[in-house]
Amino acid sequence: MNKLVLTAVAAAALIPTVATAQSRREVRHDRHEVRRDRAEVRGDVRRGDVREAREDRGELREDRRETREDWRDYRTSHRQVYQRGIYAGPRGYAYRPVSIGFRFEPAYYGSRYWISDPWTYRLPRADAGLRWVRYGNDVVLVNVRTGRVVQVYSRFFW
């Protein structure tokens, strides 16, 4: 009887891990498909094959749409992950929407506002010198050397 209970507990503990690994693999596969499609389009344009480039652009659009839908489904089914506490900005903080190219003051992208585990939110990996930062209910990818915004996801948190 004890072996049966231990087996059931072990199986229950492993199931969420397996599901996470599976969805992580699917996300990686989706991103790989988008990169591959982008490379195909560039190759078609370089060769001057307009018809093939048009078809590959259609595939690229479709793969990007599927990736967005998968992310939306994940976000909807994991609402508790995206429910964060109240945002307390730096002294004198007043929210206003930002766009790519906007320059933040260093106080807005300090370590206090970093998203330490972007994978939890299915955010893309940030390259060297870039950091995902919470700004109000938005998530912003900031170049930490210049303070320039590289990417913005508005209304990211609930």
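Refer to the structure presented above.
Conventions used here
Residues numbered from 1 in each chain as written. Predicted model: local features only at pLDDT ≥ 70, side-chain atom pairs only at ≥ 80, totals over all residues. Heavy atoms only, no water. Pairing = 2+ DSSP bridges. Helix = DSSP H or I, 4+ residues; strand = E, 2+ residues; numbered from the N terminus. Axes fitted to C-alpha atoms, helices over the stretch in contact; angles between N-to-C directions. Phe/Tyr/Trp six-rings, centres within 6.5 Å; stacked < 30°, edge-to-face > 60°. Buried < 20%, exposed > 50% of the residue type's maximum accessible area, 1.4 Å probe, protein only. Patch = residues over 30% accessible without salt bridge, like charges linked within 9 Å, V, L, I, M, F, W, Y side chains within 5 Å. Areas by Shrake-Rupley, 256 points an atom, 1.4 Å probe, with all protein chains shown as cover. Salt bridge = Lys/Arg side-chain N within 4 Å of Asp/Glu carboxyl O. Lys, Arg positive; Asp, Glu negative; His and termini not counted. Charge placed at Lys NZ, Arg CZ, Asp CG, Glu CD.

Things to note about the sheet that holds strand β2 (residues 138–143)
Moving on, step 1. Here three strands make up an open sheet; going across it, the order is β1-β2-β3 and the pairing antiparallel. Looking at strand neighbours, the two that pair on one side only are β1 (130–135) and β3 (149–153), the edges of this open sheet. Averaged over all pairs of adjacent strands, the angle between strand axes in this sheet comes to 20 degrees, irrespective of strand direction.
Moving on, step 2. Both β2 and β3 contribute to a ladder of four bridges, which runs antiparallel. Considered in β3, the bridge of Val142 is made with Val149.

A look at the packing of aromatic side chains
Moving on, step 1. Applying the stated criterion across every chain, the model contains nine aromatic pairs.
Moving on, step 2. Taken together, a centroid distance of 6.1 Å and an interplanar angle of 85 degrees make the contact between Tyr93 and Tyr135 edge-to-face. In this pair, Tyr93 sits in the loop between α2 (50–77) and β1 while Tyr135 sits in strand β1, placing the two residues 42 residues apart along the sequence.
Moving on, step 3. Residue Tyr93 is classed as partly exposed on the basis of its relative accessible area of 25%.
Moving on, step 4. The exposure class assigned to Tyr135 is buried, which follows from its relative accessible area of 4%.

Looking at a negative patch on the surface
Moving on, step 1. A cluster of like negative charges, contributed by Glu26, Glu66, Asp70 and Asp73, occupies part of the molecular surface.
Moving on, step 2. Looking at the element boundaries, Asp73 is found in helix α2.

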